[in-house]
Amino acid sequence: MRIAPVPALPEIRLYAAHPASGLWRLTRPEGRAAEPEGEETDEDGPEPQPPYWAYAWAGGAVLARYILDRPETVAGLRVLDIGAGSGLVGIAAAKAGASEVIASEIDRNGVAALGLNAAANGVAITVVGEDITAGPPPPVDVVAAGDLFYRQDLADRVIPFLDRCLAAGINVLIGDPGRAYLPRSRLRLLAEYQVPDVGQAKGAATKPSGVFSFEPEQLGGAFRSSP
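Given the structure is predicted, the values throughout are model-derived calculations rather than measurements. (Residues numbered from 1 in each chain as written. Predicted model: local features only at pLDDT ≥ 70, side-chain atom pairs only at ≥ 80, totals over all residues. Heavy atoms only, no water.)

Trainee: Please give an account of the nonpolar core that cites residues and values.
Mentor: The nonpolar side chains of soluble globular proteins are, as a tendency, buried together. Residues Leu9, Ile12, Val74, Leu88, Ile125 and Tyr193 are the most contacted members of the largest nonpolar core, which totals 36 residues. Put simply, the parts of the chain that give this core at least two residues each are strand E2 (9-16), helix H1 (58-69), helix H2 (88-95), strand E4 (100-104), helix H3 (108-120), strand E6 (142-146) and strand E8 (187-194). Those residues in contact with Ile125 that lie beyond four places of it in its chain are Gly87, Gly90, Ile91, Val101, Ala103 and Ala118. In terms of nonpolar packing, the next biggest core, distinct from the first, is built from 22 residues, Leu80, Leu154, Cys165 and Leu182 among them. (Core = buried A, V, L, I, M, F, W, Y, C linked by side-chain atoms within 4.5 Å. Buried < 20%, exposed > 50% of the residue type's maximum accessible area, 1.4 Å probe, protein only. Helix = DSSP H or I, 4+ residues; strand = E, 2+ residues; numbered from the N terminus. Contact = heavy atoms within 4.5 Å.)

Trainee: With reference to specific residues and values, describe the sheet that holds strand E7 (residues 171-176).
Mentor: The pairing of strands in a sheet comes from backbone hydrogen bonds and takes either a parallel or an antiparallel form. Strand order across the open sheet formed by seven strands is E5-E4-E3-E6-E7-E9-E8, with mixed pairing between neighbours. Strands at the two margins of the open sheet, each flanked by one partner only, are strand E5 (126-128) and E8. Going across the sheet, the axis of each strand differs from the next one's by a mean of 20 degrees, ignoring polarity. Here three bridges tie E4 to E5, and the two strands are oriented parallel to one another. Looking at E5, one finds that Ala103 is bridged to Val127. (Pairing = 2+ DSSP bridges. Axes fitted to C-alpha atoms, helices over the stretch in contact; angles between N-to-C directions.)

Trainee: Tell me about the pattern of salt bridges, and please be specific about residues and values.
Mentor: Counted according to the given criterion, the structure contains nine salt bridges. One salt bridge in this structure joins Arg151 and Asp153, with 2.8 Å as the shortest N-O distance. Classification of Asp153 as partly exposed rests on a relative accessible area of 38%. Of the charged contacts in the structure, one is a salt bridge between Asp153 and Arg157, with a shortest N-O distance of 4.0 Å. Here the residue Asp153 and the residue Arg157 both occupy positions in helix H4 (residues 152-167), the gap between them amounting to four residues, near one helical turn. The network of salt bridges with common partners includes Asp131, Arg151, Asp153 and Arg157. (Salt bridge = Lys/Arg side-chain N within 4 Å of Asp/Glu carboxyl O.)

Trainee: Go over the packing of H1 against H2 with me, naming the residues and quoting the values.
Mentor: When two helices pack together, you describe them by how their axes are tilted relative to each other and by the distance separating the axes. Following both chains from N to C, one finds H1 and H2 inclined at 5 degrees, their axes separated by 8 Å at the closest point. One element, H1, and the other, H2, form an angle in the roughly parallel class. Of the residues in H2, those in contact with Gly60, Ala61, Leu63, Ala64, Ile67 and Leu68 of H1 are Leu88, Val89, Ala92, Ala93 and Lys95. Among the residues forming the contact of H1 with H2, the class breakdown is nine nonpolar, one polar and one charged. (Parallel < 35°, antiparallel > 145°, perpendicular 65-115°, else oblique. Nonpolar A, V, L, I, M, F, W, Y, C, P; charged D, E, K, R; others polar.)

Trainee: Now, about the side chain of Ser213: what can you tell me, with residues and values included?
Mentor: Along the chain, Ser213 falls in strand E9 (residues 208-214). A polar atom in the side chain of Ser213 sits 3.0 Å from the side chain of Glu215. Residues within four places of Ser213 in sequence aside, it is in contact with Asn171, Val172, Arg186, Leu187, Arg188 and Leu190. (Polar contact = N/O pair within 3.5 Å; in protein donor to acceptor, adjacent residues only side chain to side chain.)

Trainee: Which residues make up the packing of aromatic side chains, and what are the values?
Mentor: Counted under the stated rule, the structure contains one aromatic pair. Between Trp57 and Tyr150, the ring centres sit 5.2 Å apart and the planes meet at 45 degrees, which makes this aromatic pair tilted. You can see Trp57 sitting in the loop between E2 and H1 and its partner Tyr150 sitting in the loop between E6 and H4, a full 93 residues away along the chain. On the basis of relative accessible area, Trp57 is assigned to the buried category, the value being 15%. (Phe/Tyr/Trp six-rings, centres within 6.5 Å; stacked < 30°, edge-to-face > 60°.)

Trainee: Any details on H1? Residues and values, ideally.
Mentor: For H1, with 12 residues, the first-to-last C-alpha span of 16 Å sits near the 16 Å given by 1.5 Å per residue. Among the 12 residues of H1, 11 are classified as buried, and the element is accordingly described as predominantly covered. Every buried residue of H1 is listed here: Ala58, Gly59, Gly60, Ala61, Val62, Leu63, Ala64, Arg65, Tyr66, Ile67 and Leu68. (Expected span 1.5 Å × (residues − 1).)

Trainee: Summarise H3; cite the residues concerned and give the values.
Mentor: An ideal rise of 1.5 Å per residue puts 18 Å on 13 residues; H3 measures up with 19 Å between its terminal C-alpha atoms. Residues of H3 that are buried include every one of Gly110, Ala113, Leu114, Asn117 and Ala118, and no others. For H3, the angular spread of buried residues about the axis comes to 130 degrees, placing them on one side. Of the residues in H3, the exposed ones pointing more than 90 degrees away from the buried face are Arg108 and Ala119. Buried residues along H3 sit against E2, H2, E4 and E5. (Arc of directions from axis to C-beta.)

Encoded structure:
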């Protein structure tokens, strides 16, 4: 991995994928190369996680840009970066003056990358290496969710957790370029930025990605808070 500034975020440097990084190895169980001929693989083992943490996704990038441009959003507050990946959003929050940053990430390679990226940017982040969406929110003031709506099952876990955050009086910010399962009816647009996205061809035109406030569910035309 090579450390380099993030496109549209020169204030932050991350260990990033490149053609010779060999990340394909991490798509095999335990990050190993192919099994020698004649040996069987453990088909009952856990499915390998794609290395999402090795890239700056558009949703995380716009959320980080928004936080750096408006440090008052997090300054002096406790912040949770959920599904943190590379830690881009949490690093931005720490740089913007958050009193504490917690990053949750279920991929163990992502957990390692988080620590390396935080150190490379001179910030302290507490990493939680497990899925926290089934439980109550931690004691924070702001939850930042960048690019967590690209799969239905993930959205189905995240949205109830974010509702519990709202019920606990926690402000929820979402960054997303318009993924398929984004809960659009629950969002209020705060800002838009032009940033490259994962899988986008180099030099291709970018499209706007948004930063949103996650709002209580509407009932009868008026917002209502979760019970």
